[in-house]
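Here is how the chains run, residue by residue.
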Amino acid sequence: MADSEDSRNLPSNTRTNRKSSNRRDTEFPSRITRKNLLSATAQVLLSLTYDLEKAPERNVPGPTSTARLWLNWYEAHQRLARITKYQQQIESKVLAMAGAFPVVQMNVSADEPAVTVYSLADIDRLKSRVDATKLAAARSLLRKRRESWNSADRELGYSPALAFEHDLAEQERRLSRVLSLSRPKTTVEIAAKLHCLLSMEDPGNKFTDAPWADLRRILLDLIEVMRSRAL
């Protein structure tokens, strides 16, 4: 789908006009495109879900609201984005220090592309197809690369960062699942659920086949409805 079909221009007066001093103004972006759809929607939802949670009628016993569940998920989502960026930076430093990833490329035959091996067991599985000299050289190179990688890893703390990233990713998935099962009561909360779905399944807004293009348009529709109600 073309970007022009997936974008909207909102009226210039896009700041909400609330009388309550306990509520924060929400500024809607003047233009939303497929590129900034998720980030722009998140900024709108942060303010509107905050307002929902501060409303007196929300202070009653019952299931956790969709708004609160979205806020919980989005916090984990942002933390994961930060740790992923940090982990990638550490990985680049480990790679520069080690000189190569702890893997080896092996040419099995002239008719096949090179095979990437990650372990000594991978090399052993090629015994019937590769001569012993090449196997021995691959084992030696793999051991050297592993030693260099592990040394850099210990010095820079790559493995702990990677493990923390995996833990946060699992937490994000759990929170998104709980959010998906919640029952929204407002347009804002419906938009929050859809925003989470798109963020988890198509974070780069790259899918052009059904239903993703339609879901993005629906999210834009919801933003316009929220804007019109907030004016």
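Preceding this paragraph is the structure being described.
The notes below deal with the structure included here.

Turning our attention to the overall build of the chain. Looking only at helices and strands, the chain features seven helices and four strands. Element order for the chain, N to C, with α for helix and β for strand: β-β-α-α-β-β-α-α-α-α-α. Here the chain, with 231 residues, has 39% of them falling under the buried criterion. Here the chain has roughly 13,800 Å² of accessible surface; of this, 51% comes from carbon and sulfur atoms.

Let us look at the packing of helix H2 (residues 66–98) against helix H6 (residues 187–201). Running from N to C, H2 and H6 point in directions that differ by 30°, and their axes come no closer than 9 Å. Of the possible angle classes, the one that applies to H2 and H6 is roughly parallel. When you trace H2 past H6, the crossing you get is left-handed. Residues Thr66, Ala67, Trp70, Trp73, Tyr74 and His77 of H2 pack against Glu189, Ala192, Lys193, His195, Cys196, Ser199 and Met200 of H6. A class-by-class count of the residues in the contact of H2 with H6 yields seven nonpolar, four polar and two charged.

Time to look at helix H4 (residues 132–156). The end-to-end C-alpha distance of H4 is 36 Å, a good match for the 36 Å that 25 residues give at a rise of 1.5 Å each. Residues of H4 that are buried include every one of Leu135, Ala138, Arg139, Leu142, Trp149, Ala152 and Asp153, and no others. One side-chain oxygen of the residue at the start of H4 lies 3.1 Å from the amide nitrogen of threonine 133, identifying that residue as aspartate 131. Among the residues trailing H4, glycine 157 stands out with phi positive, at a value near 75°.

Evaluation of the coordinates by the stated rule reveals six aromatic pairs. For the pair phenylalanine 101 and tryptophan 149, a centre-to-centre distance of 5.4 Å together with 35° between the ring planes defines the contact as tilted. Separated by 48 residues along the polypeptide, phenylalanine 101 in the loop between H2 and strand E3 (104–106) and tryptophan 149 in helix H4 bring together distant segments of the chain. Residue classification places tryptophan 149 among the buried positions, given a relative accessible area of 7%. Geometrically, the ring pair formed by tryptophan 149 and tyrosine 158 is edge-to-face, given 5.9 Å between the ring centres and 90° between the ring planes. In textbook terms, an aromatic cluster arises when at least three aromatic residues are bridged by ring pairs, as seen for Trp70, Trp73 and Tyr74.

Our focus in this paragraph is H2. The end-to-end C-alpha separation of H2 is 46 Å, in line with the 48 Å expected for 33 residues at 1.5 Å each. Backbone geometry just downstream of H2 places glycine 99 in the positive-phi region, at approximately 95°.

Turning to the pattern of salt bridges, a few remarks are in order. One pass over the structure, following the stated rule, counts eight salt bridges. The partner of aspartate 214 in a salt bridge is arginine 217, and the shortest N-O contact between them spans 2.4 Å. In this pair, aspartate 214 and arginine 217 both sit in helix H7 (residues 212–230), three residues apart, roughly one turn of the helix. For arginine 217, a relative accessible area of 25% corresponds to the partly exposed category. Salt bridges linked by common partners bring Glu170, Arg173 and Arg174 together as one network.

Let us now look at the environment of leucine 37. Positionally, leucine 37 belongs in helix H1 (residues 37–54). Take leucine 37: its relative accessible area is 1%, and that puts it in the buried class. Residues leucine 37 and leucine 220 lie 183 residues apart in sequence; the distance between their C-alpha atoms is 8.0 Å. The contact partners of leucine 37, leaving out residues within four places of it in the chain, are Ile32, Asn205, Arg216, Leu219, Leu220 and Ile223.

Formed by 29 residues in total, the largest nonpolar core has its most connected members in Leu45, Trp70, Leu198 and Met226. Once residues lying within four places of it in the same chain are set aside, the contact partners of tryptophan 70 are Ala42, Leu45, Leu46, Thr49, Leu179, Ala192, His195 and Cys196. If you look at the next biggest cluster of nonpolar residues, it comprises 10 residues, including Met106, Val108, Ala138 and Leu142.

Residue placement: serine 119 occurs in the loop between strand E4 (115–117) and helix H3 (120–124). Residue classification places serine 119 among the buried residues on the basis of a relative accessible area of 19%.

Calculation rules
Numbers given for residues are sequential positions, taken from 1 along each chain in its written order. Whole-chain, interface and lining totals are the exception, using all residues; otherwise, since this is a predicted model, local features are given only for residues with pLDDT of at least 70 and side-chain atom pairs are given and counted only at 80 or more. Computation of side-chain values: all heavy atoms of the structure, hydrogens and water removed. Labels follow the DSSP assignment, with helices taken as runs of H or I lasting at least four residues and strands as runs of E lasting at least two, numbered in each case from the N terminus. Here the term buried applies to any residue with accessible area under 20% of the maximum for its type, exposed to any over 50%, and partly exposed to those in between, with areas from a 1.4 Å probe on protein chains only. Per-residue and other accessible areas were derived by the Shrake-Rupley procedure at a 1.4 Å probe size, with only the shown protein chains allowed to occlude residues. Think of each axis as a best-fit line through the C-alpha atoms, taken over the contacting stretch in the case of a helix, with angles from 0 to 180 degrees between the N-to-C directions. These descriptions rest on fixed angle ranges, namely under 35 degrees for roughly parallel, over 145 for roughly antiparallel, 65 to 115 for roughly perpendicular, and the rest for oblique. Take the far helix as the reference: if the near one is turned anticlockwise from it by less than a right angle, the crossing is left-handed, and if turned clockwise, right-handed. Residues count as neighbours in contact if any of their non-hydrogen atoms are within 4.5 Å of one another. Throughout, the ten residues Ala, Val, Leu, Ile, Met, Phe, Trp, Tyr, Cys and Pro are labelled nonpolar, Asp, Glu, Lys and Arg are labelled charged, and all others, Gly among them, are labelled polar. A helix is expected to span 1.5 Å multiplied by its residue count minus one. Any pair of nitrogen or oxygen atoms within 3.5 Å is treated as a polar contact; in protein, a donor-acceptor pairing is required on top of that, and neighbouring residues in sequence qualify only through side-chain atoms on both sides. Any two rings among Phe, Tyr and Trp, with Trp reduced to its six-membered ring, count as a pair given centres within 6.5 Å; such a pair is stacked if its planes are under 30 degrees apart, edge-to-face if over 60, and tilted if neither. For salt bridges, the criterion is a side-chain nitrogen of Lys or Arg within 4 Å of an Asp or Glu carboxyl oxygen. Side-chain atoms within 4.5 Å are what join buried Ala, Val, Leu, Ile, Met, Phe, Trp, Tyr and Cys residues into a set we call a nonpolar core.

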